[in-house]
Amino acid sequence: MGAEVDKQEFTGEDRVRFRRQVKRGTDAIARMLADGLFTDHGRPPKPLLGMEVELNLVDDMLRPAMANATVLDAIADPDYQTELGQFNIEINVSPRPFTTDDTISLEQALRTSLNRAEERAARTDNHLVMIGMLPTLKSEHFAHQWISANPRYDLLNQQIFAARGEDLEIDISGVPLDDDHQSERLHTSTDSILPEAACTSLQLHLRVAPEDFAAHWNAAQAIAGIQVALAGNSPFLAETALWHESRIPVFEQATDTRPLELKNQGVRPRVWFGERWINTIFDLFEENTRYFPALLPVSTDVDPLAELDAGRIPTLDELRLHNGTVYRWNRPVYDIHEGQAHLRVENRVLPAGPTVVDTMANAAFYYGVVRGLVESDRPLWSQMSFNAAAENLQSGAHFGMESQLYWPDVGWVRPDELVLRRLLTLAEKGLRAYGVSDKARKRYLSVIEGRCVTRRTGSVWQREAVAARERAGETRSEALRGMLGDYITLMHEGEPVHTWDV
C-alpha cells in the first residue's frame, strides 16, 4: 500500500486487465522460484531486522490530534510517513544486521529518533504516543473527514464500501475490567474505514531465502497467539473495555468487504489468518490471486514475463499492490533492492508500545522463537492443526495472560507458563543462532520473562489503572484520560511495562 494511487474511478476493463496482470505476476514468481532468481536463493537467511512502528497523535488535552500533516512537517524526517487516519503517523526503521550488539544500537537509534520527533511535534502542541489503541478515541473520530489527505486512503475507503454496499459494523464484546465490572460491548456503525486507523501496530520484517520461506511463515503463524497474549496493549476503544488486544477484532471488522450474506456463504475475509500450513511462498500469492478481487485495480503496461525473457527482474507492481490489500497477519512480501528480488515475512499481529525496550523485546522474542522453531528437529506445524493456531490467536487476543492456548506435547496452557517452561529457552537458542550478543539476549528476553512472572502487559496495566481510577470516583472518560497521561509519562521514562506501578 505504499504506492501512490490517484485514479478515482475504475471500469470493468480496468479490473479484467488488473486481474490478468496479477496472474502474470504470480506466474513470474513461480518462474523466478524455479530459476533461482532471488538474491538469497541457496543461502541461509540474512539476519536483517526491519521494523515499522505506527504512532498516535494527541493534543495537550490528550485528545486525538487530527494533525499528521502539521506534525510531519515539523518532524521533517523521511523516515516518518502518513497513515490512514489524521491522528496517525508511522516510522520506518531501516533494516539492520541482526547480530552481535546491533539490536541494542537499533534500540538506541529508535529511542533517539522518537525523542527528536516528539520534541519537534511538541512545538506544534501535539505529542506522539506509542500505544496499540488510543484510549481517548471515540466513535466521533471515525468520521470520513478525518481520513488522511493522501488520495490513496480515500480511494481505498471508497472501494471497500463499494464492495460491501453498506456501512461497516463494529460489534465486539469485551472482558470485564475486574470483579466489580460487567462485560462491556461496543456496537457501532461507521461510513468510513477509520476504525482501522485505531489499530496502531508494530510490523516486523524478516528477509528469508525462498526455500526457507514456508518454514518461517508457518512458525510465525504458530506463535501468533502467544505474541498477542504476551504483548497486548489495546484494551480500550470508544470508552469501552474490550479485548486485551482489541486490534485483532477491530481490524478484522473495519476492513471487511463482505456483507452478511457473503459471510454466511463462507467468503474469505480480507483480514485473514489463512486456512492451512504452506509448502512454498507461491501458495500465498496464488491464494491472494485466486480468492480476493482487486480493491485498487491500477495497472501498468509492463509484462512481467517479458521482463524475465529480457533478463530483467520485474517489479510486479500489480501483484505487490494487490498483496498490500490482503491483510494477512503474517504477510508475504516481494520486494526489489538494488535491482535484486528478495522475499520477506511481514509479521503484523503486534501492537505498538508501550516503550522502546518493550518493542525491542517483542521483536527479539518473535525472531528468536521463529528461528528456534525453524531449526527444530521436527516442525511444530506437523504436530498441531492449523485451526489450533488460528484459535490461539483469537484466545490470546481476547483474554491475554488469562487465555488457554494449545501447544503440542503440553496441551492447554497459559501463555506465561508456556513461555517460562518452553519458549524462552527456544528464543535464546534462536537468537544465539543469529549471532545476537549475550548482552542483547539477556536484555530483551529478561523483559519477556519479567512480563510472564508479573503477568503484567500493557493491556493489564491500562485496565488496572482505569479500574483503580473508577473506584476512586472518576468517570470512564476521566479515568481514560488520566491513565493515558500516566502512560505517556512512563513511556518516556522508558522502563519496561511489567515494572510500572498503578
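Calculation rules
Residues numbered from 1 in each chain as written. Predicted model: local features only at pLDDT ≥ 70, side-chain atom pairs only at ≥ 80, totals over all residues. Heavy atoms only, no water. Axes fitted to C-alpha atoms, helices over the stretch in contact; angles between N-to-C directions. Helix = DSSP H or I, 4+ residues; strand = E, 2+ residues; numbered from the N terminus. Parallel < 35°, antiparallel > 145°, perpendicular 65-115°, else oblique. Contact = heavy atoms within 4.5 Å. Nonpolar A, V, L, I, M, F, W, Y, C, P; charged D, E, K, R; others polar. Buried < 20%, exposed > 50% of the residue type's maximum accessible area, 1.4 Å probe, protein only. Pairing = 2+ DSSP bridges. Left-handed = near helix turned anticlockwise from the far one by under 90°. Expected span 1.5 Å × (residues − 1). Core = buried A, V, L, I, M, F, W, Y, C linked by side-chain atoms within 4.5 Å. Salt bridge = Lys/Arg side-chain N within 4 Å of Asp/Glu carboxyl O. Polar contact = N/O pair within 3.5 Å; in protein donor to acceptor, adjacent residues only side chain to side chain.

Asker: Hey, could you go over the packing of helix α3 (residues 102–122) against helix α15 (residues 438–454) for me, with residue numbers and the actual values?
Answerer: At their nearest, the axes of α3 and α15 sit 9 Å apart, and the two run at 55° to each other. With respect to α15, the element α3 is oriented oblique. Of the residues in α15, those touching α3 at Thr 103, Ile 104, Glu 107 and Arg 111 are Lys 439, Ala 440, Arg 443 and Tyr 444. Broken down by class, the residue content of the contact of α3 with α15 amounts to three nonpolar, one polar and four charged.

Asker: Hey, could you go over the pairing of strand β12 (residues 330–337) for me, with residue numbers and the actual values?
Answerer: Most of β12 is tucked away: six of the eight residues are buried. Taken together, β12 and the strand that follows it, strand β13 (residues 340–351), pair antiparallel across an intervening segment of two residues, in which Glu 338 is found at a positive phi of about 55°.

Asker: Explain the packing of helix α16 (residues 458–471) against helix α17 (residues 476–493) to me, and be specific about the residues and the numbers.
Answerer: At their nearest, the axes of α16 and α17 sit 9 Å apart, and the two run at 135° to each other. As summarised for this structure, α16 and α17 are arranged oblique, according to the angle between their axes. Handedness of the α16/α17 crossing: right-handed. Side by side, α16 and α17 meet where Trp 461, Gln 462, Ala 465, Val 466, Arg 469 and Glu 470 of the first sit next to Arg 476, Ala 479, Leu 480, Gly 482, Met 483, Asp 486, Tyr 487 and Leu 490 of the second. Of the residues belonging to the contact of α16 with α17, the class tally is eight nonpolar, two polar and four charged.

Asker: Can you lay out α16 for me, pointing to particular residues and giving the numbers?
Answerer: Because each turn of an α-helix spans 3.6 residues, side chains separated by three or four positions end up pointing in the same direction. With 14 residues, α16 extends 20 Å from end C-alpha to end C-alpha; this agrees with the ideal 20 Å at 1.5 Å per step. Most of α16 is tucked away: 10 of the 14 residues are buried. Those residues of α16 that sit buried are Gly 458, Ser 459, Val 460, Trp 461, Gln 462, Arg 463, Ala 465, Val 466, Ala 467 and Glu 470. Backbone geometry just downstream of α16 places Gly 473 in the positive-phi region, at approximately 105°.

Asker: Any details on the nonpolar core? Residues and values, ideally.
Answerer: Counting residues in hydrophobic clusters, the biggest one holds 161 residues, and the most contacted among them are Met 51, Ile 226 and Leu 237. The leading source of residues in this core is helix α12 (residues 356–374), at 12 residues.

Asker: Please give an account of the pattern of salt bridges that cites residues and values.
Answerer: For the coordinates displayed, the defined rule picks out 39 salt bridges. With a shortest N-O distance of 2.7 Å, Arg 276 and Glu 287 are connected by a salt bridge. Of this pair, Arg 276 sits in the loop between β10 (271–272) and α9 (281–291) while Glu 287 sits in helix α9, placing them 11 residues apart in sequence. What makes Glu 287 buried here is its relative accessible area of 3%. Linking Glu 287 and Arg 328 is a salt bridge whose minimum nitrogen-to-oxygen distance equals 2.8 Å.

Asker: Quick rundown of the environment of Ala 427? Include the residues and the values.
Answerer: With respect to the secondary-structure elements, Ala 427 resides in helix α14 (residues 415–434). You can call Ala 427 buried: its relative accessible area is 0%. Once the C-alpha coordinates of Ala 427 and Ser 385 are considered, the two residues, 42 residues apart in sequence, prove to be 22 Å apart.

Asker: If you had to explain the side chain of Gln 203 to someone new, which residues and values would you point to?
Answerer: In this fold, Gln 203 is placed in strand β7 (residues 201–208). Here Glu 54 takes part through its side chain, which lies 2.9 Å from a polar atom of the side chain of Gln 203. When sequence neighbours within four positions are dropped, the list of residues in contact with Gln 203 reads Gly 50, Met 51, Glu 52, Glu 54, Glu 90, Glu 346, Asn 347 and Arg 348.

Asker: Account for the pairing of strand β3 (residues 88–97), naming residues and giving values.
Answerer: Across eight bridges, strand β1 (residues 48–59) lies against β3 in antiparallel orientation. Each bridged residue has a counterpart across the sheet, and for Leu 55 the counterpart in β3 is Ile 89. In the sheet, strand β2 (residues 80–82) pairs with β3 via three bridges, with the strands oriented antiparallel. Residue pairing for β3: Gln 81 is matched across the bridge by Glu 90. From the end of β2 to the start of β3, which pair antiparallel, there are five residues.

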